[in-house]
Structure formats: C-alpha cells, structure tokens
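# Structural overview for review
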Amino acid sequence: MAATLEKARVSREGEFVVIDAKGMHYRELNELIVRVIEEGAKKLKLINVNGQRFIADGLRGEYYIEIYGVAGDDLAAFANGPTIVVYGDVQDGAGNTMNAGKIVVHGNGTDIIGHSMRGGKIFVRGHVGYRVGIHMKEYREQVPVLVVGGTAGDFLGEYMAGGRIIILGLERLETYPEIVGDWLATGIHGGAIYLRDTIEEDKLGYGAKFEELTDEDYAFLRREIEEFCSYFGGNAEEIMKAKFTKVVPLSHRPFAAMYSDSKEAGH
Amino acid sequence: MVRNFPPDFVVRVDKEACINCLRCVRECPFGVHEYDKEKKKWKRHHEKCVACLRCAYMCPTQAISIERSPMEYSPHPVWTNRVRKDIKTQAETGSVILTAMGNELPYLNYFDHLVLDACQVTNPSIDPLREPMELRTYLGRKPEKVDLDEYDGVELKTKIAPNLKLETPIMFAHMSYGSISIEAQLSMARAAKEVGTYMGTGEGGMHRDLYPYADHIITQVASGRFAVHEEYLKRGAAIEIKIGQGAKPGIGGHLPGTKVTAEISETRMIPEGSDAISPAPHHDIYSIEDLSRLIYALKEATRYKKPVFVKIAAVHNVAPIAVGIIRAGADAVVLDGFRGGTGAAPQVHRDHHGIPIEVAIASVDQRLREEGIRHWGSIIASGGIRSSADVAKAIALGADAVYIGTAALIALGCTVCKKCYTGKCPWGIATQVPELRKRLNPDEGARRAANLLKAWSHELKEILGALGLNSIESLRGNRDRLRGVGLSDVDLEVLGVKPAGR
C-alpha cells in the first residue's frame, strides 16, 4: 500500500481517526483499521463504506467505531468488546459469533444477524432478514440481546440456546405486514423471544411454546426499549403499551429421548 | 411378552481362582458383576457385558474370561443375529439406535487390496539408517512460483502463506473435550509436541491445561460454534471448519446435557446441564460462497496468520466439493472416510452413509491436478487409518498427511468396545467420571501415543527406502508405486492405479 494513498485515506477529526473507505478492498481497509488501532486510535470513523466485509472481525477491546454507508457481511464477527454504530444498513452475519460489544444499526439488517452470538447487544432500527439470531447462546453473566425495531423473516431464533431477541414491529413491510415470518424458534432449547404483537400458534416451530410475561420480563423489556429509543428516538412508554408475546423452549433437553441401544433397552 | 434377546457375550469365572475380592465389581462401569454379601452369591449380568475386557485384565487371579455368547438365533444369512437384535431393540424403545467408533459393515477395504512397490536390481533401494530420509510435511497453500532476490545473498521475495510444519505426516484427529477426557487430550497434546505434529480440539474448545501445547493444536469451528472465541482462534496453530464427519455424514451432533459438567460448560462456553446441539448445517453456510465468507472471516479475525482447513465427510461428489472448498480459500481440505470413528452416532448413518477414504483421496487429488490447483491447498485424509502401510498408501493415492483417531485411542488403551457415547469408558478415555478418568495416566498416555507416531514414522522411512525414495514428498500422489490386487477395472480406474502384474 503506497504511503501517499494511506495519508490521503487517513485523517484526524478531534478524537476520531477517519478512514475513507471509498473503492478500497476489504482486506486493505481492515488492515488499515488494525494498523491505526495498533498506533493508539480508540475512536474510528469509517466513511464511504460500501459493502466491505469483515470489519472489526475478532477485534478485542472497547473501541468505538462509526461506519457511514453499508457495512458488508460478517461485521464484528468473533468480536470481543467494540461498540460499532452503523449509519446505514448491515449485510449478512453482523455480530456472527460475537462474544462481547455492541452494534447499533440505523438502517436495516439482512440475514443471519447475531448468528451464534454469545454476548453483547445488537440494536437494529429497521427490519432484519431470515435466520436471524440462529443458535444464539448465553454463558454465565453473558446474555446476548438483539433488539429489532421493524420485523424479522423466517426461522428467527432457530436452535436458539440462550439470549434474548426482541422484535418491536414499529415499522411493517407492505408486502408482508406480519411481525415475524414462519418457523419461529424451531429447535429452541434456551433463551427467549419477545414479539410486540400477537401471532398465530402455527408460526411456532418444533420445540417452541408461548409463555405469559412476568413483571421481570416487562422490566427487562422496558430497559432494552429505553436503550433502543436512546439511539433511534421514540417513546419507550408508548412502545411498552402494546401487547407482547413471549416464546420460550418446550425443553432444554429436546433430544433426550431420541436414542437408545440394546443395553439401555433392558435387553 | 418374553424378551428373547440373547446376550452378545458371556462372562466366565473360574470359581477356584476367584478370591471374592470384588475388584471386578469396582472395575466394571456397566454393572456386569454383582455380589450379594449376605447370601455370598455372585450374579453376572452377561447381557450388560460389552467385551471391553477391563475386568479380565484387572482381576488379580486372572479368574475372568469373556467369550462370545454361544447362544445365538438359528443361523440365517440375511436375517443375521445383529439385524434381529436391532429390530428387537427398536421394537422395545421406538428410537434411533446409537453406537460409536467406525463403520462395522464388511464393505471392501481398498487399503487391503493395494500393494506397494519395491526396488529390485535397478534403481536401488535406500537404507534409512544410513541415509537421510525426509518425512517433513508442510500443510497449506503453496506459491505458484518462488522468486528469489539474489542481488546480495539469496533472499526469498515470494510471500508464503502460513503453513503447518509437520515432522511426520500423521496428526491426531479432532476428538473433543467432552467426548474424551482431558487426560486423553493431554496425552495426545504432549505426544504431538514431542514428535513435532498436531492434534485437533474437536468442537469442545480448548481446556486451559492444553494451553502449553497450543502451538501444536488445531482449533475447530463447527456448526454449534461452541467455544469459538477470538482468543481461542488466535491461540491455536491452525483453524479447522468442520462441515462433516465420516462417521455421520450429513447430520449434526448432540452432546446430552447430562454430560455438560461444570468444566465442559466452561470450555464450550455454554450453560451447565443444557444439551449442546451442533446443527447438521452451519446456518451461515448454504453455498461455497458462504463457506468462503467464513474462511475469510476467520482469516481476518486472526490477521491471516493461521491456515484455515475445511473438513468434510467423503461423499459421492467429493471431488467437486473439495475443489470448491480449495477455490473458496481453504488452505487444506480434510477428507473423512466412512470408516472414520466417532464418540456417538446413529448406527444407520455410521454404517450406510459416505464413501471409503481411499477413493475419495484419489478422486480429489486427480481433480485438483486436472484443474491445475493442487498446490493451492493440501489434502488431509482420515477415517480408518490403521497402520503405517495405510499412511503410505493414502499418501501415494494423493494425501499430504493423515489424521488418526481410533488408532490413537487404541494406543491409549481403548479396546473398541463401542460404548463411548455412554460416557462410561472403562479405560478412562471417553468419560468425564473422575474415578474412571484416573485409569488413564497422561504421562503414560503421552509416552504411548508418541511411541505410536515414532514407530509408524520409522516404518514409513523403511517403506520409502524400499521404494528407493528419500522423501515423503516423492511418494505423494505417486500412484505408479501402487498396484491393485483383486479390484475391478472400474475400481482401478477411480483409484488411478494399475492392476498387479502390469
């Protein structure tokens, strides 16, 4: 990478280091991000981002990164601590297998957002696509939270093993006005999904069931929705007034009775 | 209803030799031996015996012997005893039959129908005791060409992708902490470090006791993403994405919550007591392009310092799949044949899915060569490698290195009783029960696992010497040094091997 190009692409703006990503290959951009962080940057602003993948993947530490444009696939995959604010959309796999940190998305998200995430939070102002929150987990004090202002597609929270997903449905799609698609929480064996609406039971996948919300649930929702409103505006009180539905696992051991052998069969 | 289900084995005890010490009662984790102290009477539950032979070898007076049960159903070539027993088990339980270790059906074993060449008269053989013999193997992407800067001394100008350096082309396969004990993992980690090779973590994460050996450990990213954490990825020597497994192609895995103890939950980073479910597919991978995305996400997360391997079960279209994997950016493709072992698999998958490793190696190597990209990635073969001869044949068919799983466990004391999934391994390997784990001493285990690698490596050198070769590299894909015995024309064509006599 030519030093002159680098100089032209990296500038300072108060406490921010600004990188102009226009026309850059993701590898070049990510290399540059790692370099400026190694040189001491704590706050970064990435401008003209247009689909570059893998931004902040595996990044450890409490960095603050603002992204202007569309962040490409696997934003903050395996990340461990950074806060990322995206003024635009995110593509597939934002927060994939993330351990800690926060992603705030002012636009929409596509598929598999928050796949396998173990900790941290993701807030999306708009809609998200299919297979979102699949196999989310939790571990000790780490309980990941995903809050979506709009709606979610099919297979939301499939194989979910922990964590919390909140779908607010504040905006609806004209083509599919329902708050969530089909096969909701198929194979869920941990965690919970909250929908700010009522849905038919036939949307539930195998292994999922409805459960009444408790005071604790409402207190949790209020906290998360207040944080959501702090990023995107809106009135938490008003949002809380609607009816919520909670979806939880039928069992934490869904496959307990699936197998046998001759010894266990009593032969 | 009468349960007409004869036992598989019978426990015979020499009453004169038995001293009623009750050692067998303590040794058997399956509850075969029972002694009524009041009535002073023995009861042997033959139906629970798995022929692990633990009691027989621990009996201080050698009073016990285990025999195959003479009581069998009337012979029938189609309705074999096993078929009839399986049906009765399923009629009783209504569930999937679970088993362990590799494919048990008598499919053709190609290794046993391939023979190696040897030098006679012309092109004399080499004595490895007198001449250097190279087993060192590098796994990973190789450059198109090498540019040297010879202006001031010789310097390598070409940037070489990260490779794993193996002192012998044999590695320990991925067997997770959870499926096997930490003592078993430690044994292999120490042996790998001593011999200069690698072991795999499986999907169970890396126990902290393994950290000192981390530069000889390949971490795994499987569909459950258990333990996958940036520190874990950065700690290991390489990363392996597990798509499939030879023992159970096309299906995921479930570690039952009863086995998720405090320590297991810590390395997998999941709650104690909950089922650990690895879905059949990776939910972020539905295409080769998606696979490529995960490969590069892992490379980005580790700053391109670690080779990334992709493991698949050997299945019908293995060649184009492997080519896709290499083109997607993998530094090696791991092929796991249908004889590959497992700690737990439904019997129907273990015995009926996938293809033999020998044909998979040959077809993948052939296809990568035809496409001119054989140097883009290495081929690692696994699934039923039993001896140095199998290693040599796998390499001659086109593999760069092999993984051994079952063979390594046998070195640690396993007797292949096929009850790994019960978590009650009588030899302290596939168990988390503290009293059972004590049966495997990791110092002794490390010595035996290292010995196995050393013995096979020595034999490999002797094999190369007999072939007149002085490096394992010269054997790789050198199918002209193999001949088939008793194979059909089509088999020979697929293997790319001539029949004996030609």
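Per chain, residues are indexed from 1 in the order of the written sequence. Lettering of chains starts at A and numbering of ligands starts at 1, both following the order in which they are written. Since the coordinates come from a predicted model, pLDDT governs what is reported: local features require at least 70, and pairs of side-chain atoms require 80 or more to be given and counted, while whole-chain, interface and lining totals use all residues. Heavy atoms throughout the structure, all of them, feed into the side-chain values; hydrogens and water do not.

By definition, any uninterrupted DSSP run of H or I lasting at least four residues is a helix, any uninterrupted run of E lasting at least two residues is a strand, and each is numbered from the N terminus. Within the fold, K137 of chain A resides in the loop between β7 (121–124) and β8 (145–148). Throughout this description, buried means an accessible area under 20% of the type-specific maximum (1.4 Å probe, protein chains only), exposed means over 50%, and partly exposed covers the range between. We score Asp and Glu as negative and Lys and Arg as positive, and we do not count His or the chain ends. Whenever Lys or Arg places a side-chain nitrogen within 4 Å of a carboxyl oxygen from Asp or Glu, that contact is recorded as a salt bridge. Of the side chains with opposite charge, E203 of chain B comes closest to the buried, unpaired K137 of chain A, at an N-O distance of 6.9 Å. Within the local environment of K137 of chain A, its side chain forms a polar contact with the backbone oxygen of G224 of chain B, the two atoms lying 2.7 Å apart. Ignoring any residue separated from it by four or fewer positions in sequence, one finds K137 of chain A in contact with S116, M117, R118, P144, A161, G162 and G163 of chain A together with G224, R225 and F226 of chain B. Side-chain atoms alone can form a polar contact between residues adjacent in sequence; in general such a contact is a pair of N or O atoms within 3.5 Å, and within protein one must be able to donate a hydrogen while the other accepts it. Here, residues are in contact when the closest pair of their heavy atoms is within 4.5 Å.

Residues and elements named next belong to chain B. Under the 1.5 Å per step criterion, the end-to-end length of helix α10 (residues 357–370) is 20 Å for 14 residues, consistent within 8% with the ideal 20 Å. For α10, the complete set of buried residues consists of I357, E358, V359, A360, I361, A362, V364, D365 and L368. Positioned one or two residues after α10, G372 has a phi angle of 70°, which is positive. How far a helix is expected to stretch is found by multiplying one less than its residue total by 1.5 Å.

Next up on the list: the interface of chain A and chain B. A common way to express how large an interface is: the accessible area buried when the components associate. Opposite the 47 residues of chain A that make contact, chain B presents 56 residues. Approximately 4500 Å² of surface area, both sides summed, lies buried where chain A meets chain B, with 55% of it carried by carbon and sulfur atoms. At the surface where chain A touches chain B, the tally comes to seven salt bridges. The salt bridge partner of R293 of chain B is D74 of chain A, with a shortest N-O separation of 3.9 Å. Summed over both partners, the accessible area (1.4 Å probe) lost when two parts come together is defined as the buried area.

A few words on the domain arrangement of chain B. All names here are of chain B. Reported domain spans reflect what an automatic or database domain assignment gives. When its domains are assigned, chain B resolves into domain 1 (9–95) and domain 2 (137–142 + 167–499). Domain 1 and domain 2 are separated by 34 Å when their C-alpha centres are compared. The interface is formed by eleven residues belonging to domain 1 together with twelve residues belonging to domain 2. Across the domain 1/domain 2 interface, buried area totals approximately 980 Å², and carbon plus sulfur atoms make up 57% of it. For the domain 1 face of the interface with domain 2, the top three residues by lost area are P29, F30 and R54, together amounting to 47%. At the junction of domain 1 with domain 2, the criterion picks out two salt bridges.

Next up on the list: the nonpolar core. The term nonpolar core refers to a set of buried residues drawn from Ala, Val, Leu, Ile, Met, Phe, Trp, Tyr and Cys, joined through side-chain atoms within 4.5 Å. Judged by nonpolar contacts, the single largest core of 132 residues is most densely connected at F172, I404 and I429 of chain B. The element contributing the most residues to this core is helix α14 (residues 442–467) of chain B, with nine residues. Two domains each donate at least three residues to this core, and these are domain 1 (9–95) and domain 2 (137–142 + 167–499) of chain B. Among all residues touching F172 of chain B, those that are not within four sequence positions of it are M188, A191, A192, Y198, M199, G200, Y403, I404, A408, A449 and L453 of chain B. Among the nonpolar cores identified, the runner-up in size contains 55 residues, and I65, V148, L156 and I167 of chain A belong to it.

Two pairing modes exist for strands in a sheet, parallel and antiparallel, and in both the strands are linked by backbone hydrogen bonds. Residues and elements named next belong to chain A. Pairing between strands is defined by DSSP: at least two bridges between them are needed. Overall, mixed pairing links the twelve strands, which are arranged β1-β2-β3-β4-β5-β6-β7-β8-β9-β10-β12-β11 in an open sheet. Each edge of the open sheet carries a strand with a single partner, namely β1 (10–13) and β11 (208–211). Direction aside, the axes of adjacent strands within the sheet are offset by 20° on average. Looking at chain direction, β11 and strand β12 (residues 245–249) are connected through four bridges and run antiparallel. Each residue of the ladder has a partner; that of A208, found in β12, is P249. As a rule, the C-alpha atoms of each element are fitted with a line to give its axis, helices using only the stretch in contact, and angles between N-to-C directions run from 0 to 180 degrees. Here helix α2 (residues 26–38) sits on the sheet and contacts β1, β2 (16–20) and β3 (43–50); the angle it forms with β2, its principal contact strand, is near 160°. Relative to the sheet, helix α3 (residues 215–232) contacts β6 (100–105), β7, β8, β9 (161–167), β10 (190–195) and β12, its axis offset from that of β7 by approximately 60°.

The next point concerns unusual backbone geometry. Residue and element names in this part refer to chain A. Positive phi outside glycine occurs at A56, with the angle close to 65°. One can find A56 in the loop between β3 and β4 (64–70). In this structure A56 comes out as buried when scored by relative accessible area, which is 8%. Backbone geometry at H135 places phi at a positive 55°, although glycine is not the residue there. Judged by its relative accessible area of 0%, H135 falls in the buried class.

Turning next to the packing of helix α7 (residues 288–301) of chain B against helix α8 (residues 318–327) of chain B. Residue and element names in this part refer to chain B. Running from N to C, α7 and α8 cross one another at 40°; their axes reach a closest spacing of 9 Å. As far as their axial angle goes, α8 and α7 are oblique. At the point where α7 passes α8, the crossing takes the right-handed sense. Between α7, through I288, L291 and I295, and α8, the contact on the second element is made entirely by I321, G324 and I325. Under the scheme applied, nonpolar residues are Ala, Val, Leu, Ile, Met, Phe, Trp, Tyr, Cys and Pro; charged residues are Asp, Glu, Lys and Arg; polar residues are all the others, including Gly. Per-class residue counts for the contact of α7 with α8 are five nonpolar, one polar and no charged. Here the word oblique covers every angle except those under 35 degrees (roughly parallel), over 145 (roughly antiparallel) and from 65 to 115 (roughly perpendicular). Crossing handedness: left-handed means the near helix sits turned counterclockwise from the far one by under a right angle, and right-handed means the same turn made clockwise.

Turning our attention to the pattern of salt bridges. Tallied over the entire structure, the rule returns 61 salt bridges over all chains. For E138 of chain A, the salt bridge goes to R164 of chain A, with nearest N and O atoms at 3.5 Å. Taken together, the residues E138 of chain A in the loop between β7 and β8 and R164 of chain A in strand β9 connect sequence positions 26 residues apart. Through salt bridges with shared partners, one network takes in R53, D73, D74 and D92 of chain A together with D290 and R293 of chain B.

Once that is clear, we can look at the environment of T110 of chain A. All names here are of chain A. Take T110: it is sitting in the loop between β6 and β7. Overall, T110 belongs to the partly exposed group, its relative accessible area being 32%. A C-alpha to C-alpha distance of 4.5 Å links T110 and G129, two positions 19 residues apart in sequence. In terms of polar contacts, T110 uses its side chain to reach the side chain of D92, at 2.5 Å.

Turning to the state of the cysteines, a few remarks are in order. Residue and element names in this part refer to chain B. A pair of sulfur atoms, both from cysteines and within 2.5 Å, is called a disulfide here. Tallying each qualifying case throughout the model produces zero disulfides over all chains. With no disulfide of its own, C21 lies closest to C59 among cysteine sulfurs, the gap being 6.1 Å. The partly exposed category is assigned to C21, whose relative accessible area is 32%.

Turning next to the packing of aromatic side chains. Stacked, tilted and edge-to-face pairs are distinguished by plane angle, under 30 degrees for stacked and over 60 for edge-to-face with tilted covering the rest, among Phe, Tyr and Trp rings (Trp via its six-membered ring) whose centres lie within 6.5 Å. Per the stated rule, a full pass over the model turns up nine aromatic pairs over all chains. Members of the aromatic cluster, connected to one another through ring pairs, are F123, F228, Y231 and F232 of chain A. Our definition puts a charge over a ring when NZ of Lys or CZ of Arg is within 6 Å of the ring centre and also within 35 degrees of the ring normal. Cation over ring: R44 of chain B sits above W42 of chain B, and NZ or CZ is 3.8 Å from the ring centre.

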